[in-house]
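Residues per chain are reported as follows:
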Amino acid sequence: MTHVVITGTGLYTPEHAIDNASLVAAFNAWVDQENTRHAEAIEQGEREPLAHSSSEFIEKASGIKSRYVLDAGGILDPARMRPKLPQRQNDEPSIQCDMALSAAREALASAQVDASDIELVIVACSNLERAYPAVAVELQHALGAGGYGFDMNVACSSATFAIETAANAIASGSVKRALIVNPEICSAHLNFTDRDSHFIFGDACTAMVLEDAACASADEAYEILGTRLATAYSNAIRNNAGFLNRVTDSDPLAEDKLFVQEGRRVFREVCPMVASMIAQHLASLELQGSDLKRLWLHQANRHMNDMIARKVLGYDPSEEQAPIILDRYANTSSAGSIIAFHLHRESLEAGDIGVICSFGAGYSAGSVVVRRQ
């Protein structure tokens with residue numbers, strides 16, 4: 001029987017950080033401009049005035065205090081309210097490939113694996129900057145990796161879905177080593193003029209090396225005991241940007257071409273779905289919540305994480321048991337749970353068990369149970 005292990009992780013963090021106070025100042029300046037521009041309609045009752053945001057509102061609603069982004073200037077410019085990223089030429093590395101290279105090299109070094117030994121590259125994230133050629137194939141070429149590569153998108157669950165895909169490829173014997181990379185540029189699909197969501201996302205990229213345990217040589221390894229995936233169709237989280245926009249004559253700059261969600265509905269529907277999936281997954285492995293030393297959960301909202309962890313463990317978790325990174329990274333989509341795993345596993349000992357879990361649009365959810373070797 002082939003045992004699959006995670007032997008290395010990597011993290012790319014953009015150099016720009018925006019705290020809540022700076023984000024709120026830009027948003028409120030934009031609100032004032034819009035209310036002034038539409039003052040007559042507001043006065044006549046034809047239009048509701050836009051409301052200010054606040055740091056207190058953001059932290060209470062989400063637990064987020066700051067976020068890293070590829071470009072802060074464009075986001076904080078009330079005349080623009082979106083990142084400004086120069087378009088790259090076809091003979092230049094793509095933005096996501098650059099992010100991926102940084103995280104991948106760290107993961108490969110951690111795993112003590114040469115890029116040439118990688119036989120499968122999966123780039124899995126919520127948004128890809130182009131349809132083709134695949135960013136994964138570009139990354140494969142840039143690294144000098146072998147085998148094959150492909151892109152995949154399951155929104156915030158992209159990383160866990162990619163872990164199962166890579167683990168299955170290794171378990172079947174078709175490859176011995178795989179690289180998974182999650183280059184998330186969430187700031188590009190966020191509506192920074194929407195009070196209810198302008199604070200949610202940040203940018204980051206994570207990477208993981210998976211190997212057949214028989215050929216692994218890393219100092220640290222986590223055996224994948226099992227994976228479980230689930231999907232349930234919902235419009236509660238949606239983004240309508242797509243290649244058909246131009247032929248359906250829909251406005252490519254319309255608000256629905258960015259991230260939109262019904263936050264309260266998502267909370268109400270996703271939390272029980274995820275907690276139940278983890279509990280059932282553990283039971284199938286003859287485990288229970290009390291066996292877990294760590295829960296590396298998707299980093300979307302502090303309240304969601306607290307509720308899911310409480311349902312799985314049966315009590316309020318400590319910061320060590322269910323680490324939070326969204327306070328400084330915000331929601332980085334599929335990268336969030338991997339950032340938590342990357343930054344918060346150093347105290348685990350041989351035999352300790354943890355769960356990497358994702359959940360998001362789709363709805364989609366993924367659970368990966370691992371044991372430190």
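Residues numbered from 1 in each chain as written. Predicted model: local features only at pLDDT ≥ 70, side-chain atom pairs only at ≥ 80, totals over all residues. Heavy atoms only, no water.

This brings us to the UniProt feature "domain: Beta-ketoacyl-[acyl-carrier-protein] synthase III C-terminal" (unreviewed entry) in the protein. UniProt records the feature "domain: Beta-ketoacyl-[acyl-carrier-protein] synthase III C-terminal" (unreviewed entry) at residues 283-371, using the numbering of this structure. Helix makes up 30% of residues 283-371 and strand makes up 25%, while its end C-alpha atoms are separated by 15 Å. (UniProt positions renumbered as here; feature names shortened; annotations may be inferred. Helix = DSSP H or I, 4+ residues; strand = E, 2+ residues; numbered from the N terminus.)

Grouped together as the largest cluster of nonpolar side chains are 49 residues, with contacts concentrated most on Ile-278 and Leu-295. Elements with a minimum of two residues in this core: helix 1 (20-37), helix 7 (263-284), strand 11 (292-297), helix 8 (302-313), strand 12 (353-360) and strand 13 (364-372). A total of 8 residues in this core trace back to one element, the largest contributor, which is helix 7. Contacts of Leu-295, omitting those with residues within four sequence positions, involve Ala-309, Val-312, Leu-313, Gln-321, Ala-322, Pro-323 and Val-355. With 36 residues, the next largest nonpolar core counts Ile-122, Val-154, Ala-169 and Ile-170 among its residues. (Core = buried A, V, L, I, M, F, W, Y, C linked by side-chain atoms within 4.5 Å. Buried < 20%, exposed > 50% of the residue type's maximum accessible area, 1.4 Å probe, protein only. Contact = heavy atoms within 4.5 Å.)

For helix 10 (residues 335-343), a buried count of 8 out of 9 residues is recorded, marking the element as mostly surrounded by other parts of the structure. For helix 10, the complete set of buried residues consists of Ala-335, Gly-336, Ser-337, Ile-338, Ile-339, Ala-340, Phe-341 and His-342.

Let's shift gears to the packing of helix 1 against helix 3 (residues 55-62). Following both chains from N to C, one finds helix 1 and helix 3 inclined at 120°, their axes separated by 9 Å at the closest point. Judged on the interaxial angle alone, helix 3 and helix 1 are oblique. Regarding helix 1 and helix 3, the two cross each other, and that crossing is right-handed. Across from Asn-20, Ala-21 and Val-24 in helix 1, the residues of helix 3 making contact are Ser-55, Ile-58 and Glu-59. (Axes fitted to C-alpha atoms, helices over the stretch in contact; angles between N-to-C directions. Parallel < 35°, antiparallel > 145°, perpendicular 65-115°, else oblique. Left-handed = near helix turned anticlockwise from the far one by under 90°.)

Okay, the UniProt feature "domain: Beta-ketoacyl-[acyl-carrier-protein] synthase III N-terminal" (unreviewed entry) in the protein next. UniProt marks residues 150-229 with the feature "domain: Beta-ketoacyl-[acyl-carrier-protein] synthase III N-terminal" (unreviewed entry), using the numbering shown here. Between the C-alpha atoms that bound residues 150-229 there is a distance of 19 Å. The span itself is 18% helix and 38% strand.

Here we come to the side chain of Thr-7. Mapped onto the fold, Thr-7 is located in strand 1 (residues 4-12). Classification of Thr-7 as buried rests on a relative accessible area of 3%. A polar side-chain atom of Thr-7 sits 2.6 Å from a polar atom in the side chain of Glu-211. Each residue touching Thr-7, except ones within four places of it in the same chain, is listed here: Ser-110, Ala-111, Val-209, Glu-211, Ala-216, Ala-218, Glu-220 and Ala-221. (Polar contact = N/O pair within 3.5 Å; in protein donor to acceptor, adjacent residues only side chain to side chain.)

Taken together, Phe-243, Leu-244 and Val-247 make up a surface patch of nonpolar side chains, about 350 Å² in accessible area. Residue placement: Leu-244 occurs in the loop between strand 9 (237-238) and strand 10 (260-261). Overall, the relative accessible area of 46% leaves Leu-244 in the partly exposed class. (Patch = residues over 30% accessible without salt bridge, like charges linked within 9 Å, V, L, I, M, F, W, Y side chains within 5 Å. Areas by Shrake-Rupley, 256 points an atom, 1.4 Å probe, with all protein chains shown as cover. Salt bridge = Lys/Arg side-chain N within 4 Å of Asp/Glu carboxyl O.)

A few words on the sheet that holds strand 5 (residues 148-152). Sheet architecture is open: 9 strands sit in the order 5-4-6-7-1-8-13-12-11, paired in mixed fashion. Two strands bound the open sheet, and with one partner strand each, they are strand 5 and strand 11. Going across the sheet, the axis of each strand differs from the next one's by a mean of 25°, ignoring polarity. Looking at chain direction, strand 8 (residues 222-231) and strand 13 are connected through 9 bridges and run antiparallel. Residue pairing for strand 13: Glu-223 is matched across the bridge by Arg-371. Of the strands in this sheet, strand 4 (120-124), strand 5 and strand 6 (177-185) are in contact with helix 5 (residues 135-143), which crosses strand 5 at around 140°. (Pairing = 2+ DSSP bridges.)

A word on the packing of helix 7 against helix 8. The N-to-C vectors of helix 7 and helix 8 enclose an angle of 35°; their axes lie 9 Å apart at closest approach. Remark: the crossing between helix 7 and helix 8 carries right-handed chirality. Taking contact as the criterion, the partners of Val-266, Phe-267, Val-270, Cys-271, Val-274, Ala-275, Ile-278 and Leu-282 in helix 7 are, on helix 8, His-303, Met-304, Met-307, Ile-308, Lys-311 and Val-312. Classifying every residue of the contact of helix 7 with helix 8 gives 12 nonpolar, 1 polar and 1 charged. (Nonpolar A, V, L, I, M, F, W, Y, C, P; charged D, E, K, R; others polar.)

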